[in-house]
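Take a look at the letters that make up each chain.
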Amino acid sequence: TYGLLVMLAFVVVVVNLITFKTIESDSNFVNYSGLLRATSYKMAQLSNIVINDKDQIASDRLEKNIQYFESLINSLPKGDYKYGMSPPTHKITIEKLNHVQTLWDTRYKLAYNSILDSKDTNSLRIINEETAIYVDFIDEMVTSYSEYARLKIIHAKIMNGVISIIILLAAVFSFSFINNG
C-alpha cells in the first residue's frame with residue numbers, strides 16, 4: 001500500500017504540472033486574443049488620424065499596428081512558442097478564430113492597407129462602421145475559449161480531489177492494516 005500511496009502522490013504532481021502548463025498556455029491565448037481587440041480599436045483610431053489629419057507619424061504607427069495584428073492573428077491558430085501558446089483544440093474557438101481571421105484577410109486588412117496606401121475614405125468608412133462588430137466577433141472567440149479553459153481547470157480540480165481521497169483512504173487502510181497486523 002505504500003507503493004500505491006507514492007504512485008498516487010506522483011499522479012497528483014503530474015496532474016498539477018500538466019494543469020499548470022495548460023493554464024499558462026490558455027492564459028496566453030486569452031491575453032493575446034484580447035490584444036486583437038485593443039489593436040483593432042487602436043488601428044481604427046489611427047486610421048481616422050491618418051485620413052483627417054494627414055499625419056505621417058500616425059501612418060507609421062498604423063503600419064506597425066497592422067503588422068503586429070497580422071503577427072498575432074497568424075500565431076493564434078497554430079500556437080507560438082514565442083508567445084507561450086499551444087495551438088487551440090477547442091472546436092468552437094477554432095471556428096470563431098477562423099471567422100475572425102477570414103474577415104481580417106478579406107476585408108479589414110485590405111481596408112487598412114488602402115488607408116495607408118491611398119488615404120481611401122471609403123475604407124475609413126468601413127473601418128468606422130464595422131470595427132465594433134469585428135471586435136464583438138473577437139470577443140466571442142475570447143469568451144468561448146475562456147469558458148473552455150475554466151472548465152479544464154474545474155476538471156483538474158475534481159481529478160485532484162478524487163486522487164486525494166483515494167490517497168487518504170489508502171493511507172487509512174494502510175495504517176489500520178499495520179496496527180491490526
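Note that the structure is predicted; figures quoted are calculated from it, not measured.

A. Empty space enclosed by the protein, seen in detail. Scanning the model with the defined rule gives one cavity of 30 Å³ or more in all. Considering the residues around the largest cavity, the lining is formed by Ser 40, Met 43, Phe 69, Trp 104, Tyr 108, Tyr 112, Thr 131 and Tyr 134. Where the lining of the largest cavity is concerned, the elements lending two or more residues are helix 1 (2–53), helix 3 (91–118) and helix 4 (121–180). Ranked by residues supplied to the lining of the largest cavity, first place goes to helix 3 with three residues. Considered class by class, the residues forming the lining of the largest cavity number six nonpolar, two polar and no charged.

B. Inspection of the packing of aromatic side chains at higher detail. Under the defined criterion, the tally for this structure stands at six aromatic pairs. With a centroid separation of 4.4 Å and 45 degrees between ring planes, the pair formed by Phe 29 and Tyr 145 is classed as tilted. Placement of Phe 29 in helix 1 and of Tyr 145 in helix 4 is noted, with a sequence separation of 116 residues between them. Judged on exposure class, the residue Phe 29 and its partner Tyr 145 are both buried. Seen in terms of ring centroids, Phe 69 and Tyr 134 are 6.3 Å apart; in terms of plane orientation they differ by 40 degrees. Their pairing is tilted. Of this pair, Phe 69 sits in helix 2 (residues 56–78) while Tyr 134 sits in helix 4, and the two are 65 residues apart along the sequence.

C. Expanded view of helix 4. The end-to-end C-alpha distance of helix 4, which contains 60 residues, comes to 87 Å, matching closely the 88 Å that a straight helix rising 1.5 Å per residue would cover. Along its length, helix 4 reaches its greatest deviation from straightness, about 50 degrees, at Glu 130. For helix 4, the N-terminal cap is Asp 120; the gap from its side-chain oxygen to the backbone nitrogen of Asn 122 is 3.3 Å.

D. Region of interest: the nonpolar core. Of all hydrophobic cores here, the largest spans 33 residues; its most connected members are Leu 62, Trp 104, Tyr 112 and Tyr 134. Secondary structure elements with two or more residues in this core: helix 1, helix 2, helix 3 and helix 4. Broken down by element, this core gets its largest block of residues, nine residues, from helix 3. Excluding anything up to four places from it in sequence, Trp 104 contacts Met 43, Ile 66, Phe 69, Glu 70, Ile 73, Lys 109, Leu 110, Tyr 112 and Tyr 134.

E. Examining the confidence of the model for the chain more closely. Averaged over every residue, the pLDDT of the chain is 89; residues scoring 70 or more account for 98%. Mean pLDDT per element in the chain: helix 1 is the minimum at 86, and helix 3 is the maximum at 97.

F. Examining the layout of surface pockets more closely. Roughly 230 Å³ of volume is contained in the largest pocket. Lining the largest pocket are 15 residues; nearest its centre among them are Lys 21, Ser 25, Gly 84, Met 85 and Ser 86. Of all the elements in the fold, those that place two or more residues in the lining of the largest pocket are helix 1 and helix 4. With six residues, helix 1 is the largest single contributor of residues to the lining of the largest pocket. In the lining of the largest pocket, the residues fall into four nonpolar, six polar and five charged.

Reading the values: the criteria
- Residues numbered from 1 in each chain as written.
- Predicted model: local features only at pLDDT ≥ 70, side-chain atom pairs only at ≥ 80, totals over all residues.
- Heavy atoms only, no water.
- 1 Å grid on protein atoms, 1.4 Å probe; cavity = no way out; pocket = protein on both sides within 12 Å on 5 of 7 lines; lining within 4 Å.
- Points joined across faces, edges and corners; volume = space filled by probe spheres on them.
- Helix = DSSP H or I, 4+ residues; strand = E, 2+ residues; numbered from the N terminus.
- Nonpolar A, V, L, I, M, F, W, Y, C, P; charged D, E, K, R; others polar.
- Phe/Tyr/Trp six-rings, centres within 6.5 Å; stacked < 30°, edge-to-face > 60°.
- Buried < 20%, exposed > 50% of the residue type's maximum accessible area, 1.4 Å probe, protein only.
- Expected span 1.5 Å × (residues − 1).
- Bend = angle between axes of the 7 residues up to and from the residue.
- Polar contact = N/O pair within 3.5 Å; in protein donor to acceptor, adjacent residues only side chain to side chain.
- Core = buried A, V, L, I, M, F, W, Y, C linked by side-chain atoms within 4.5 Å.
- Contact = heavy atoms within 4.5 Å.
- pLDDT = per-residue confidence, 0-100.

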